[in-house]
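# Inside the fold
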Amino acid sequence: MTRKSTLPILALTGLLAGTAASAQNGLTVAYFPEWPMPFQYAKAEGLYDEKLGLPVNWVRFDSGTAMSAAMAAGNVQIAISQGVLPFIGAASAGQDLRIVDIAASYADNENCVVAAALEIDAENAEELEGLRVAVPVGTGAQYTFLQLMEHFEVDTSTMSIVDMAPAEGAAAFSRGDVDMACGWGGALARMMDYGNVLLTGPEKEEIGILSFDLTTTSAEFAAARPELLADFLELTAEMNAKWNAGADRAEMLPVIARDAGMEEGPAGEVIDDFTFIPVDTLLSEKWLGGRVGSYIDGAAEFFHAHGTVPSILPGYGELIITAPLQDIGTN
């Protein structure tokens, strides 16, 4: 999860010359290692090459900013599971990127946990005022924390907020050094051994507190190869639907785990924390049809105010294009 926890800003100036041309004889797609997703079943089985009628070159990256840099150089046409913060950084720096899909939602995998002994939940959250909280400052988890406190009308100026990475926060939480801790992944799982969340992942999503990754491309590639892009997203959606149905899990998981470079058990635990959203839902107001743009605007303003992003755009909703998903229909 640390790959999208902070946001180094790159001065990206080479805006995609030759990107579309480089995809004429092949397509290059960026993805993350140890980040198992259903598309990897089709990747490993060669189904993308078959569907698109051209060879797909898959390249692993360790950060979303590296994905952006590769797209700026024209070396990558599509990035799967790029984090929101790296996208904001690249777009704000002038790179002409477009959001074309939500790769995965993982609201249950990023949250804040309150010490069990305090017996504080959604009904008495105001009792958090004055307490000590471990928060990884400058991350999506900090944004989640502030949104939660705003929702429950908790005055954060009364709280003692300690900047701790999730692993450090989990250790401090287990010792009782802090009353609440925020984080993601394995650290969040360890926090849960000692406390409870105020809202579950679905409950957070219902009030607009989101945690998700994007599928992005360049504006040039989206305009030059719309059918190729739609075909790529269609097969990705088919793999998501196949996974969501559940009947093919035993067949898919070993292939996905192997492709992700993971053991089957850990891969299953990670992927079970993800939600792969059906296309009709993606196109609705709850996601790409409205809320995602507003969420990214808010995140950009937050990280700009905290000095993480030097400058921001007036709005990010205009960088979302839904035509490729609309072309493939609904699932």
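Here, every reference points to the structure presented above.
Residues numbered from 1 in each chain as written. Predicted model: local features only at pLDDT ≥ 70, side-chain atom pairs only at ≥ 80, totals over all residues. Heavy atoms only, no water.

## Quick notes on the environment of Ile 120
Among the secondary structure elements, Ile 120 is positioned in the loop between β5 (110-115) and β6 (132-135). The sequence separation of Ile 120 and Val 197 amounts to 77 residues, and the corresponding C-alpha distance is 9.2 Å. Setting aside anything within four residues of it in sequence, one finds Ile 120 in contact with Val 114, Ala 125, Glu 127, Leu 128, Leu 131, Asn 196 and Leu 198. (Helix = DSSP H or I, 4+ residues; strand = E, 2+ residues; numbered from the N terminus. Contact = heavy atoms within 4.5 Å.)

## Quick word on the state of the cysteines
With the rule as written, the count across this model stands at 1 disulfide. Across the disulfide from Cys 112 sits Cys 182; the S-S distance is 2.1 Å. The disulfide joining Cys 112 to Cys 182 has a torsion of about 110° about its S-S bond and is therefore right-handed. Note that Cys 112 is positioned in strand β5 and Cys 182 in strand β8 (residues 180-184), a separation of 70 residues in sequence. Its relative accessible area of 1% is what places Cys 112 among the buried residues. (Disulfide = S-S within 2.5 Å. Buried < 20%, exposed > 50% of the residue type's maximum accessible area, 1.4 Å probe, protein only.)

## Examining the sheet that holds β6
Whether parallel or antiparallel, the strands of a sheet pair through hydrogen bonds between backbone atoms. Judged by pairing direction, the sheet is mixed, and its 5 strands sit side by side in the order β7-β6-β8-β5-β9 without closing on themselves. Among the strands making up the open sheet, the edge pair consists of β7 (160-163) and β9 (195-197). Each neighbouring strand pair of the sheet contributes to a mean axis angle of 25°, computed without reference to strand direction. (Pairing = 2+ DSSP bridges. Axes fitted to C-alpha atoms, helices over the stretch in contact; angles between N-to-C directions.)

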